[in-house]
Amino acid sequence: MRRRAATVLTLATLLFPRALRAQAAAPPSEAAAPAEPTVPPAPPPAPDTWGTNEPPAPTGVAPPAARERPPRERPPEPAAEPDAEASAPSDARVRYTLDAIEVRGNRRTRSRVVMRYVPFKPGDVIDVDDTEVELTRYRLLGTGFFRDVQFSLRKGSTRGHVVLVIDVEERNTIIVNDLWMGLSADADKRGNARPLTAYAGVDVAETNLAGTGITFGAAVGLAQEQLALRVRFLDPAFLGGRWMTSATLLFNDAQDYFGNADVATADPAQLKQFTDYAVVRYKRFGGMLGVGRDLSVPTQLWLNYRLERLDTSVPRAASHVRGIDREPILFDILPGKSVLSTARGVLQHDTRDHPFLPTRGWFGTVAGEVGLTPLGSDYAYQKIDLAASRWWQLPWKQHVLRLELFGGAISGDAPFFEQYYVGDYSDFLPGRMLGMNVDRRPPPNFLDNAIVEVRYGHYAAKIGTEYRVPLYRGQRSVYGIDFFGSAGVYGVAHRRDLTHPARGYSRFQLIPVDLTANLGFRMDTAAGGFAFAFSNVLGFVPVRGEGNR
């Protein structure tokens, strides 16, 4: 007389492959032994180890007493050839055939949405040592739908067959993707420097609309006499298939500031007007459509088409002192009405273990964009960007180190808002908010070189590092708080900085590079991820002055 009990194998036991293999290699006589399998009692709740390299503890699920059946005679099993798993040597890879995949804990998210990110299906042979298993878990965490995701295996219908169980813990899917607040030094419409002004913006999205996985979001940015709006849509399983679709609608009513020193502008109302900066007013209205496809669990390919209508007002003529010479100001945009039409491709590879506070893994992108003059674009250019970040968890106190690399180049006539801006690489200046520039200042120029002459460029590069110290891990509204410090070196150069360098600089001063650094806190919360940094305020400390450079 025998009593059967379910045996649960968790993927956390990947760290103990010999035990798994020994179990899989057990001869049939042992598997049919009359003794009831020993099931460990459920462990007490483990402390929150999110964000560490420690794997979740193996879990055991004892069969409920209500499911016990009266003992009955077990029929003899027919003779069969031994399974590949059973006959494999102890150092062979452990493989099982999937009978089914079960999703648990998804109260709001539909199971088919979870399955959209799982590359396995019933009938597949799953290798417990395959890195694709771990990457699939990271991919589910990266959707932003879930606070935690755990995989386990349950015994299937026959020997060598299992059921993959995906346990998810959902999180709030209405999140804040970005939050901008700070101080900037700008200029009025005539180019006169103003006291400090505030800017602010927010980007909010429902990332799992009605449990379908569809993202619908909106963003707004506000600065002195400037406005930027965005609406976007993302469907990760278009018509229930494997293709992803996206759409973005944008509007910018903005201005930008040009000129290095002693700026002179010609205005229709006056024959000549001396200002601190030459101001360009412009409006952008248009959108972007995209389709994407998973090439593997961590790799995606996106193809996008963008169409925008521009309406620009530039000074009739303007000049400034660059280096020691007076030169015309290059605005790099067509006056009046123009059209921007481009095609863009993005290849993305993501193996991070968490989307906001990762402790290990890679995140890299290769992006290329071309202006489509055959489709009406007034701007013919080509642009390529390469970016990569790598995270390591250090052996002491779960500290995290990050290395960041970036390089980009533009050929042709790209409008200035598509070029590389120094504030996007220097933490001491506000970066662009929804494509809108809010600050007129040059970078700090710690190295005393020609970077002070550069605002927008056709070439950019950066290498940086960040050190993170975990301060808090929780289970409720705030999931994690880390203190971080970062430092790096970057360079931005316009095409003319290479062909016609500014006079007045010599040797290494001709290389437009500068240093950057930052301090602050990163927080992962139920409302999204936030960074509170102090570099924007520190950017006013070294030199605080209005007017020219």
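Please read these numbers as outputs of a predicted model, since none were measured by experiment. (Residues numbered from 1 in each chain as written. Predicted model: local features only at pLDDT ≥ 70, side-chain atom pairs only at ≥ 80, totals over all residues. Heavy atoms only, no water.)

Honestly, the nonpolar core in this entry has me stumped. Any pointers?
Side chains of a nonpolar character, in soluble globular proteins, are inclined to be buried together. Counting 39 residues, the largest nonpolar core has Phe258, Phe331, Phe416 and Val492 as the members making the most contacts within it. If you tally residues by element for this core, the top one is strand β13 (residues 278-294), at three residues. Setting aside chain neighbours within four positions, we find phenylalanine 331 in contact with Phe258, Ala278, Val280, Val314, Pro315, Ala318 and Phe416. Residues Leu98, Ile126, Val149 and Val162 belong to the second largest nonpolar core, which totals 24 residues. (Core = buried A, V, L, I, M, F, W, Y, C linked by side-chain atoms within 4.5 Å. Buried < 20%, exposed > 50% of the residue type's maximum accessible area, 1.4 Å probe, protein only. Helix = DSSP H or I, 4+ residues; strand = E, 2+ residues; numbered from the N terminus. Contact = heavy atoms within 4.5 Å.)

Help me understand the packing of aromatic side chains, please; the structure alone is not making it clear to me.
We describe a pair of aromatic rings using the distance from one ring centre to the other and the angle between the two ring planes. For the coordinates displayed, the defined rule picks out 17 aromatic pairs. On the basis of an interplanar angle of 80° and a centroid distance of 5.8 Å, the ring pair of phenylalanine 416 and phenylalanine 417 is categorised as edge-to-face. Since its relative accessible area comes to 0%, phenylalanine 416 is described here as buried. On the basis of relative accessibility, which here comes to 6%, the residue phenylalanine 417 falls in the buried class. Centroid distance phenylalanine 530 to phenylalanine 532: 6.5 Å. Interplanar angle 25°. Geometry classified as stacked. Residue class for phenylalanine 530 comes out buried when judged on its relative accessible area of 16%. Through a chain of ring-to-ring contacts, three or more aromatic side chains come together here, namely Phe258, Tyr282, Phe331, Phe416, Phe417, Tyr421 and Tyr456. It is arginine 147 that lies over the ring of tyrosine 479; its NZ or CZ is 4.5 Å from the centre. We note arginine 284 situated over the ring of phenylalanine 417; from NZ or CZ to the ring centre the distance is 4.1 Å. (Phe/Tyr/Trp six-rings, centres within 6.5 Å; stacked < 30°, edge-to-face > 60°. Lys NZ or Arg CZ within 6 Å of the ring centre and 35° of its normal.)

Help me out: how do you make sense of unusual backbone geometry in this one?
Trans peptide bonds make up the majority, and among non-glycine residues the majority have a negative phi. Notably, aspartate 262 is not glycine yet its phi reads approximately 50°, a positive angle. Structurally, the position occupied by aspartate 262 is in the loop between β10 (243-258) and β11 (264-267). Residue glutamine 398 is not a glycine yet carries a positive backbone phi of 60°. When you line up the elements, glutamine 398 lands in the loop between β19 (381-393) and β20 (400-412).

How should the pattern of salt bridges be read in this particular structure?
Opposite charge on two side chains allows them to pair when their charged atoms are near. Taken as a whole and assessed by the stated rule, the structure comprises 31 salt bridges. A salt bridge links aspartate 294 to arginine 116; the shortest N-O distance between them is 2.6 Å. Here the residue aspartate 294 occupies a position in strand β13, and arginine 116 occupies one in the loop between α4 (111-115) and β3 (125-127), the gap between them amounting to 178 residues. A relative accessible area of 18% means that aspartate 294 is categorised as buried. Overall, arginine 116 belongs to the buried group, its relative accessible area being 5%. What emerges from the salt-bridge pattern is a single network uniting Arg284, Arg306, Glu308, Arg344, Glu369 and Glu418. (Salt bridge = Lys/Arg side-chain N within 4 Å of Asp/Glu carboxyl O.)

Would you mind showing me how to read the confidence of the model for the protein chain here?
Regions with low pLDDT carry predicted coordinates that are not meant to be interpreted in detail. Overall, the predicted model of the protein chain reaches an average pLDDT of 82, with 80% of residues at or above 70. A low-confidence stretch, residues 1-90 (pLDDT under 50), is modelled with 108 contacts involving residues beyond four sequence positions or located in other chains. Per-residue pLDDT stays below 50 along residues 542-549; that stretch engages in 22 contacts with residues further than four places along the chain or on separate chains. (pLDDT = per-residue confidence, 0-100.)

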